[in-house]
Amino acid sequence: MIREANINDLEEILQLYLYLHEESVPEQNEHLTDTWEQIINDSNHHLIVKEIGGKIVSSCVCVIIPNLTRNVRPYAFVENVVTHADYRGKGYATDCLNYAKEIALKENCYKMMLLTGSKRPETLRFYENAGYNSNDKTAFIQWL
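## A look at the overall build of the protein chain
The helix and strand inventory of the protein chain stands at 4 helices and 5 strands. The helix and strand sequence of the protein chain, counted from the amino end, reads β-α-α-β-β-β-α-β-α. Radius of gyration (C-alpha) of the protein chain: 15 Å, near the 15 Å computed for a compact globule of 144 residues. In the protein chain, which comprises 144 residues, the proportion classed as buried is 32%. A separation of at least 24 residues holds for 61% of the contacts in the protein chain among residues at least 6 apart in sequence. Carbon and sulfur atoms provide 49% of the accessible area of the protein chain, an area that totals close to 9,500 Å². Looking at the protein chain, you have 14 positive and 20 negative side-chain charges, and the mean spots of the two groups are 12 Å apart.

Here is the structure:
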């Protein structure tokens, strides 16, 4: 099943993010709770999960960003694409990206963007096969 996360999914998502780049689960505190509630309650923030047998095994985030250009059409930004190591290669991340694309189309977005820190050829091919290209834009990151 593919769906948007709900308020009860926080713990599973934090565990899944250990397969992304996190080294530990954040401390359970008011800041974490407030951030989670902000994400869940933001109509432009879509945390998409793939569930198999009641377990969240893959996820991505799709944020719809209002915009004043391109005939006042928004764009979508995709981030935190991750699949549990035991479930990779089964198309679950592709399902999440396709769900994100459906949201972007429904919201009349004119483009979708994503960044990856991976230089692995198989990861880059995965994104190309999902319809993304690295030719149209150049990304710059400034870490704060």
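## Description of the pattern of salt bridges
Throughout the structure, instances matching the rule amount to 5 salt bridges. Sharing partners across several salt bridges, the network here consists of R3, D9 and E51.

## With respect to the pairing of strand β2 (residues 45-52)
Of all the 8 residues making up β2, 6 are buried; the element is thus mostly covered by neighbouring parts of the structure. As paired elements, β2 and strand β3 (residues 55-65) share 8 bridges and run antiparallel to each other. From the neighbouring strand, E51 faces β3, where its bridge partner is I56. Linking β2 back to β3 in an antiparallel pair, the connection comprises 2 residues, with G53 at a positive phi of about 55 degrees.

## Brief notes about the pairing of strand β4 (residues 75-83)
Strand direction decides the pairing type here: β3 and β4, joined by 7 bridges, are antiparallel. Of the residues in β4, the one forming a bridge with I64 is A76. The sheet contact formed by β4 and strand β5 (residues 112-114) spans 3 bridges and is parallel. By the bridge assignment, F77 is partnered in β5 with M113. Handedness of the crossover is the feature at issue here: the chain leaves β4, passes through helix α3 (residues 92-106), returns alongside β5, and the resulting connection is right-handed.

## Some details on the side chain of S58
For S58, the position within the fold is in strand β3. Engagement of the side chain of S58 in a polar contact is seen with the backbone oxygen of V82, the distance being 3.0 Å. Here the side chain of S58 touches A93 through a polar contact of 3.4 Å, landing on its backbone nitrogen. Contacts of S58, omitting those with residues within four sequence positions, involve L16, I48, V49, K50, V82, T83, Y92, A93 and C96.

What counts, and at which threshold
Residues numbered from 1 in each chain as written. Predicted model: local features only at pLDDT ≥ 70, side-chain atom pairs only at ≥ 80, totals over all residues. Heavy atoms only, no water. Helix = DSSP H or I, 4+ residues; strand = E, 2+ residues; numbered from the N terminus. Rg over C-alpha atoms; globule rule 2.2 N^0.38 Å. Buried < 20%, exposed > 50% of the residue type's maximum accessible area, 1.4 Å probe, protein only. Contact = heavy atoms within 4.5 Å. Areas by Shrake-Rupley, 256 points an atom, 1.4 Å probe, with all protein chains shown as cover. Lys, Arg positive; Asp, Glu negative; His and termini not counted. Charge placed at Lys NZ, Arg CZ, Asp CG, Glu CD. Salt bridge = Lys/Arg side-chain N within 4 Å of Asp/Glu carboxyl O. Pairing = 2+ DSSP bridges. Right-handed = clockwise from strand over helix to strand, strands pointing away. Polar contact = N/O pair within 3.5 Å; in protein donor to acceptor, adjacent residues only side chain to side chain.

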